[in-house]
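Coordinate analysis (summary)
Chain residues, written in single-letter form:
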Amino acid sequence: MIYLAGVADNIQTAVAIIASLYLLIRGGAYLIAVMDANLYKRRAPSFPIVLTIVCLTALIAAAAVPSKSTIYTMVAARTAQDIMANERVQTLTDNSLKVIEKAMGEYLNEKKAQ
């Protein structure tokens, strides 16, 4: 997961560039073919709809891929949740709080005595 976070930005950029270039080139070729067919009374070639749908889906997926910092934040949040759900950590936290409260109480009693 951490490795994927490092390359997520590169993958996102590459997919967006490739899909955008394809759509621009094919759209331009289609417009030229349509104009040519109108001028010379020939049939325009069909536009490959499946590949266009794939490219549009790739652009949407590229936009939905989170950035590296977002992925790191999600991993850190999940790790913190897992740590806090651990019973040993909860026991350690409870014991730590008891020790701190005891030390604070002793310190405050010493201050009152002075």
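Preceding this paragraph is the structure being described.
Everything quoted here is computed from the prediction, not taken from an experiment. (Residues numbered from 1 in each chain as written. Predicted model: local features only at pLDDT ≥ 70, side-chain atom pairs only at ≥ 80, totals over all residues. Heavy atoms only, no water.)

**Points about the overall build of the protein chain**
Looking only at helices and strands, the protein chain features four helices and zero strands. Taken from the N to the C terminus, the helices and strands of the protein chain come in the order α-α-α-α. Counting only residues that meet the buried cut, the protein chain has 10% of its 114 residues in that class. The long-range share in the protein chain, meaning contacts at least 24 apart out of those at least 6 apart in sequence, stands at 69%. Counting every atom, the protein chain has about 9,200 Å² of accessible surface; 68% of that belongs to carbon and sulfur. (Helix = DSSP H or I, 4+ residues; strand = E, 2+ residues; numbered from the N terminus. Buried < 20%, exposed > 50% of the residue type's maximum accessible area, 1.4 Å probe, protein only. Contact = heavy atoms within 4.5 Å. Areas by Shrake-Rupley, 256 points an atom, 1.4 Å probe, with all protein chains shown as cover.)

**Topic: helix 4 (residues 87-113)**
Look at helix 4: 39 Å from first C-alpha to last across 27 residues, which is about the 39 Å you get at 1.5 Å a residue. Its side-chain oxygen placed 2.9 Å from the backbone nitrogen of Arg88, Asn86 serves as the N-cap of helix 4. (Expected span 1.5 Å × (residues − 1). Polar contact = N/O pair within 3.5 Å; in protein donor to acceptor, adjacent residues only side chain to side chain.)

**Regarding the pattern of salt bridges**
Applying the stated criterion to the full structure yields one salt bridge. For the salt bridge of Arg78 with Asp82, the shortest nitrogen-to-oxygen distance reads 3.4 Å. Of this pair, Arg78 and Asp82 both sit in helix 3 (residues 68-85), four residues apart, which is roughly one turn of the helix. Relative accessible area serves as the criterion here: at 52%, Arg78 is assigned to the exposed category. Judged by relative accessible area, Asp82 falls into the partly exposed class, the value being 43%. (Salt bridge = Lys/Arg side-chain N within 4 Å of Asp/Glu carboxyl O.)

**Looking at helix 2 (residues 49-64)**
Taking 1.5 Å of rise per residue, the 16 residues of helix 2 would be expected to cover 22 Å, and the 22 Å separating its terminal C-alpha atoms lies within 8% of that figure. Of all the positions in helix 2, only Thr52, Cys55 and Ala62 are classed as buried. All buried residues of helix 2 project into a common sector of 85 degrees when viewed along the axis, lining one side. Helix 2 presents Ile49, Val50, Ile60 and Ala64 as exposed residues on the side facing more than 90 degrees away from its buried surface. (Arc of directions from axis to C-beta.)

**Regarding a nonpolar patch on the surface**
A surface patch of nonpolar side chains, about 430 Å² in accessible area, is lined by Ile17, Leu21, Leu24 and Ile25. By secondary structure assignment, the location of Leu24 is in helix 1 (residues 2-40). (Patch = residues over 30% accessible without salt bridge, like charges linked within 9 Å, V, L, I, M, F, W, Y side chains within 5 Å.)

**Considerations on the packing of helix 3 against helix 4**
Running from N to C, helix 3 and helix 4 point in directions that differ by 70 degrees, and their axes come no closer than 5 Å. Taken together, helix 3 and helix 4 sit at an angle that is classed as roughly perpendicular. Counted together, Ile83, Met84 and Ala85 of helix 3 and Glu87, Val89 and Gln90 of helix 4 form the full contact between these two elements. Class assignment of the residues belonging to the contact of helix 3 with helix 4 gives a composition of four nonpolar, one polar and one charged. (Axes fitted to C-alpha atoms, helices over the stretch in contact; angles between N-to-C directions. Parallel < 35°, antiparallel > 145°, perpendicular 65-115°, else oblique. Nonpolar A, V, L, I, M, F, W, Y, C, P; charged D, E, K, R; others polar.)

Function-wise, these values are silent; they only describe arrangement.
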